[in-house]
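The residues making up each chain are set out below.
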2 protein chains.
Amino acid sequence: MTAAAPRWNRLEHDERRAQILACARRLFSERHFGAVSTAEIARAAGVARGLIHHYFGTKRDLYLEAVRSMVSMPLQPVPTELDGRDPEQLLAEGVERWLEMLSRNRETWIAARGAQGFGRDGEVEAILEEAREGAVDQVIAALRPGADPAAAPAELRAVARAYAGLAEATSLEWLQHGRLTREQARALLYESFIAVFRQVLDAVESAGDPAIQPKAIPA
Amino acid sequence: MTAAAPRWNRLEHDERRAQILACARRLFSERHFGAVSTAEIARAAGVARGLIHHYFGTKRDLYLEAVRSMVSMPLQPVPTELDGRDPEQLLAEGVERWLEMLSRNRETWIAARGAQGFGRDGEVEAILEEAREGAVDQVIAALRPGADPAAAPAELRAVARAYAGLAEATSLEWLQHGRLTREQARALLYESFIAVFRQVLDAVESAGDPAIQPKAIPA
DNA sequence: CGAGCTTGTTGGCAGTGTGCCAACAAGGCC
DNA sequence: GGCCTTGTTGGCACACTGCCAACAAGCTCG
């Protein structure tokens with residue numbers, strides 16, 4: 001027995017980083033920030049506590065990284081781009097894919113959805129906001145094929161964002177509270193999409209048309 | 001000069017408590033939990049740090065108390081109970097009151113709405129959930145006058161909760177992003193309420209009717 | 001095949017913030 | 001005016017984070 005088993009094994013930079021991040025993500029999903037110590041994360045990853053700071057800097061940096069990696073999945077149902085196909089069929093497919101994604105990543109999605117610090121945590125908010133804007137882009141791209149989503153009128157973005165709020169709440173009613181079956185959730189997402197973008201959007205646009213509005217956005 | 005000004009003045013129990021809570025609420029609204037120290041809260045309130053723990057226990061207890069006091073305001077627009085009056089008129093009034101509340105408590109509402117710990121902070125979630133359920137009760141009470149809101153079918157509650165999600169996102173689009181004018185926000189809230197509870201609700205109910213659904217809520 | 005080097009990894013030290021408690025004093029009561 | 005209640009203080013002990021210098025695993029080159 002020359003040179004017994006090494007006391008610790010050496011991993012590649014990105015590999016170790018990913019491993020620690022995975023442990024952190026799991027723990028932060030189960031409990032809130034303050035209830036998880038870096039020592040615990042290190043123990044879960046089987047490394048020394050110092051290594052966490054070596055890879056991620058502060059505990060909060062690790063936390064933000066975990067949030068970032070969790071919201072990488074879509075945050076709302078989006079229809080595929082229609083290449084001349086039936087729009088309603090595409091919407092139905094999009095909703096179905098959404099529900100499928102949810103049932104596969106139930107725990108992760110619920111945790112990611114709740115990611116937000118109490119009042120005005122700018123950094124966390126920015127991460128979440130960016131993810132939602134990306135999802136809004138996808139919806140808009142499907143609604144106005146060919147056009148640049150970023151150039152879409154503000155009202156349209158706002159309405160899409162409103163629908164996203166409905167979609168998230170609906171998903172939670174199914175996944176967490178169980179007050180909707182999967183079929184009911186599907187019906188709700190499908191019907192409200194049509195209702196919102198067909199009827200409600202018109203009303204919003206005409207409400208913005210007459211430029212006789214003295215009060216714009218309040219300070 | 002007999003017995004100069006006392007070095008500190010004595011307040012009644014509830015008064016001091018309320019004062020500290022107000023300072024905590026303000027600071028927690030501006031910055032996230034970790035970025036606020038008990039020392040800072042104490043300084044803002046003009047008391048010794050120890051007093052905070054005397055009144056609230058741990059820093060987290062104080063935090064939860066602050067969250068609790070912030071979600072005491074309504075979280076979604078609710079129409080008044082109709083005493084034989086025109087339902088649409090009542091809805092319009094409810095939306096208007098909601099917008100009025102928002103413009104008056106802009107900062108507080110935005111902060112309260114974001115109250116949530118990252119993934120699975122049971123205590124914060126429970127507080128927020130309770131507040132939202134209360135708002136849902138009000139909506140249901142308006143929709144089904146006389147009946148007990150708690151006895152309402154699960155689908156109805158779920159649909160109301162979905163609308164609440166839409167309403168919160170809409171409000172944020174107006175207040176924070178400025179992508180909607182007040183009039184547009186009003187139109188969006190009004191039209192989508194009608195659409196959701198008139199058309200979408202029916203679809204959800206009929207999707208739940210045929211008991212030929214093998215898969216209920218996934219584990 | 002061993003010496004040397006790169007760099008992933010460790011263990012511990014210093015600084016900061018929280019939780020708690022015993023002593024103090026402000027203001028009311030007799 | 002002395003006593004008593006209790007709101008308030010200051011500081012001690014502990015926990016945890018952030019950081020760094022030393023260590024060693026495993027590759028490379030002679």
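About the cut-offs
- Residues numbered from 1 in each chain as written.
- Chains lettered and ligands numbered in written order.
- Predicted model: local features only at pLDDT ≥ 70, side-chain atom pairs only at ≥ 80, totals over all residues.
- Helix = DSSP H or I, 4+ residues; strand = E, 2+ residues; numbered from the N terminus.
- Buried ≥ 20, exposed ≤ 12 C-beta atoms within 10 Å, placed from the backbone.
- Contact = placed C-beta atoms within 7 Å.
- Near = placed C-beta within 6 Å.
- Nonpolar A, V, L, I, M, F, W, Y, C, P; charged D, E, K, R; others polar.
- pLDDT = per-residue confidence, 0-100.
- Domains from an automatic or database assignment.
- Least-squares fit on C-alpha atoms with pLDDT ≥ 70 in both.
- Axes fitted to C-alpha atoms, helices over the stretch in contact; angles between N-to-C directions.
- Parallel < 35°, antiparallel > 145°, perpendicular 65-115°, else oblique.
- Left-handed = near helix turned anticlockwise from the far one by under 90°.
- UniProt positions renumbered as here; feature names shortened; annotations may be inferred.
- Expected span 1.5 Å × (residues − 1).
- Bend = angle between axes of the 7 residues up to and from the residue.

- Going by an unreviewed UniProt entry, chain A carries the name Transcriptional regulator, AcrR family and comes from uncultured Solirubrobacterales bacterium.

Notes on the overall build of chain A
Next, step 1: If you tally the helices and strands in chain A, you get 9 helices and 0 strands.
Next, step 2: Taking all 219 residues of chain A together, 40% fall into the buried category.
Next, step 3: In chain A, once contacts between residues fewer than 6 apart in sequence are set aside, the share between residues at least 24 apart is 61%.

Quick word on the protein's contact with DNA strand D
Next, step 1: Around DNA strand D sit 26 residues in total, of which Pro6(A), Gly50(A), Thr58(A), Ala48(B) and Gly50(B) are the nearest.
Next, step 2: Every element with two or more residues in the surface near DNA strand D is listed here: helix H2 (38-45), helix H3 (49-56) and helix H4 (59-70) of chain A together with helix H1 (13-30) and helix H3 (49-56) of chain B.
Next, step 3: For the surface near DNA strand D, the element with the highest residue contribution is H3(B), accounting for 4 residues.
Next, step 4: For the surface near DNA strand D, the per-class residue count stands at 8 nonpolar, 11 polar and 7 charged.

Remarks on the protein's contact with DNA strand C
Next, step 1: Neighbouring DNA strand C are 26 residues; Ala48(A), Gly50(A), Pro6(B), Gly50(B) and Thr58(B) lie closest to it.
Next, step 2: Of all elements in the fold, only helix H1 (13-30) and H3 of chain A together with helix H2 (38-45), H3 and helix H4 (59-70) of chain B reach the threshold of two or more residues within the surface near DNA strand C.
Next, step 3: Classifying every residue of the surface near DNA strand C by side-chain character gives 8 nonpolar, 11 polar and 7 charged.

What to know about the confidence of the model for chain A
Next, step 1: Confidence along chain A averages 88 in pLDDT terms, with 89% of residues attaining 70 or more.
Next, step 2: Low pLDDT, under 50, characterises residues 212-219 of chain A; the predicted model gives this stretch 9 contacts beyond four residues in sequence or across chains.

Regarding the domain arrangement of chain A
Size of an interface: often given as the accessible area lost when the parts come together.
Residue and element names in this part refer to chain A.
Next, step 1: In terms of domains, chain A is made up of domain 1 (13-70) and domain 2 (87-208).
Next, step 2: Computed from C-alpha atoms alone, the centre-to-centre distance between domain 1 and domain 2 is 30 Å.
Next, step 3: Contacts between domain 1 and domain 2 engage 5 residues on the former and 8 residues on the latter.
Next, step 4: Sorting elements by how many residues they give to the side of domain 1 that touches domain 2 places H4 first, with 4 residues.
Next, step 5: Among the residues making up the side of domain 1 that touches domain 2, the classes are represented as 3 nonpolar, 1 polar and 1 charged.

Digging into the relation of the copies chain B and chain A
Next, step 1: Mapping chain B onto chain A calls for a screw motion: a turn of 180° about the axis and a shift of 0.0 Å along it, with 0.1 Å RMSD after fitting. Those values place the two copies in the arrangement expected of a two-fold rotation axis.

Observations regarding the interface of chain B and chain A
Next, step 1: Each partner contributes to the interface: chain B provides 61 residues, whereas chain A provides 61 residues.
Next, step 2: Contributions of two or more residues to the side of chain B that touches chain A are made by H1, H4, helix H6 (106-113), helix H8 (154-177) and helix H9 (182-208) of chain B.
Next, step 3: When grouped by side-chain class, the residues that make up the side of chain B that touches chain A number 27 nonpolar, 17 polar and 17 charged.

Digging into the packing of H1(A) against H2(A)
All names here are of chain A.
Next, step 1: Closest axis-to-axis distance for the H1/H2 pair is 9 Å, and the angle between their directions is 125°. Taken together, H1 and H2 sit at an angle that is classed as oblique. Regarding H1 and H2, the two cross each other, and that crossing is right-handed. Here Gln19, Ile20, Cys23, Ala24 and Leu27 of H1 lie close against H2, whose contacting residues are Glu40, Ile41, Ala44 and Ala45.
Next, step 2: By residue class, the composition of the contact of H1 with H2 is 7 nonpolar, 1 polar and 1 charged.

Some words on the UniProt feature "DNA-binding region" (unreviewed entry) in chain A
Next, step 1: Per the UniProt entry, the sites bearing "DNA-binding region" (unreviewed entry) are residues 37-56 of chain A in this numbering.
Next, step 2: A distance of 14 Å separates the end C-alpha atoms of residues 37-56 of chain A, which is 80% helix and 0% strand.

Section: the environment of Gln184(A)
Next, step 1: If you trace the backbone, Gln184(A) turns up in helix H9 (residues 182-208).
Next, step 2: Judged by local crowding, Gln184(A) falls into the buried class, with 25 C-beta atoms found within 10 Å.
Next, step 3: Note: C-alpha distance between Gln184(A) and Thr170(A) (14 residues apart in sequence) is 9.5 Å.
Next, step 4: Other than its neighbours up to four places away in sequence, Gln184(A) contacts Glu155(B), Val204(B), Ala207(B) and Gly208(B).

Some points on the environment of Glu96(A)
All names here are of chain A.
Next, step 1: Relative to the elements of secondary structure, Glu96 occurs in helix H5 (residues 87-104).
Next, step 2: Here Glu96 falls in the partly exposed class, since 14 other C-beta atoms lie within 10 Å of it.
Next, step 3: Spatially, the C-alpha atom of Glu96 lies 9.3 Å from that of Pro79, the residues being 17 residues apart in sequence.

What to know about the UniProt feature "domain: HTH tetR-type" (unreviewed entry) in chain A
Next, step 1: Mapped onto this numbering, the UniProt entry gives "domain: HTH tetR-type" (unreviewed entry) at residues 14-74 of chain A.
Next, step 2: In this annotation, residues 14-74 of chain A is assigned 74% helix and 0% strand; the end-to-end C-alpha distance for the span is 24 Å.

As for H1(B)
Next, step 1: With 18 residues, H1(B) extends 26 Å from end C-alpha to end C-alpha; this agrees with the ideal 26 Å at 1.5 Å per step.
Next, step 2: Buried-residue contacts for H1(B) involve H2, H3, H4 and H6 of chain B.

A word on H9(B)
Next, step 1: The first and last C-alpha atoms of H9(B) sit 36 Å apart over 27 residues, in line with the 39 Å expected at 1.5 Å per residue.
Next, step 2: Where H9(B) bends most, at Val200(B), the angle is about 40°.

Focus: the environment of Asp202(A)
All names here are of chain A.
Next, step 1: Its place among the elements puts Asp202 in helix H9.
Next, step 2: With 12 C-beta atoms packed within 10 Å, Asp202 lands in the exposed category.
Next, step 3: Taking the C-alpha atoms as reference points, Asp202 and Leu156, separated by 46 residues in sequence, lie 9.9 Å from one another.

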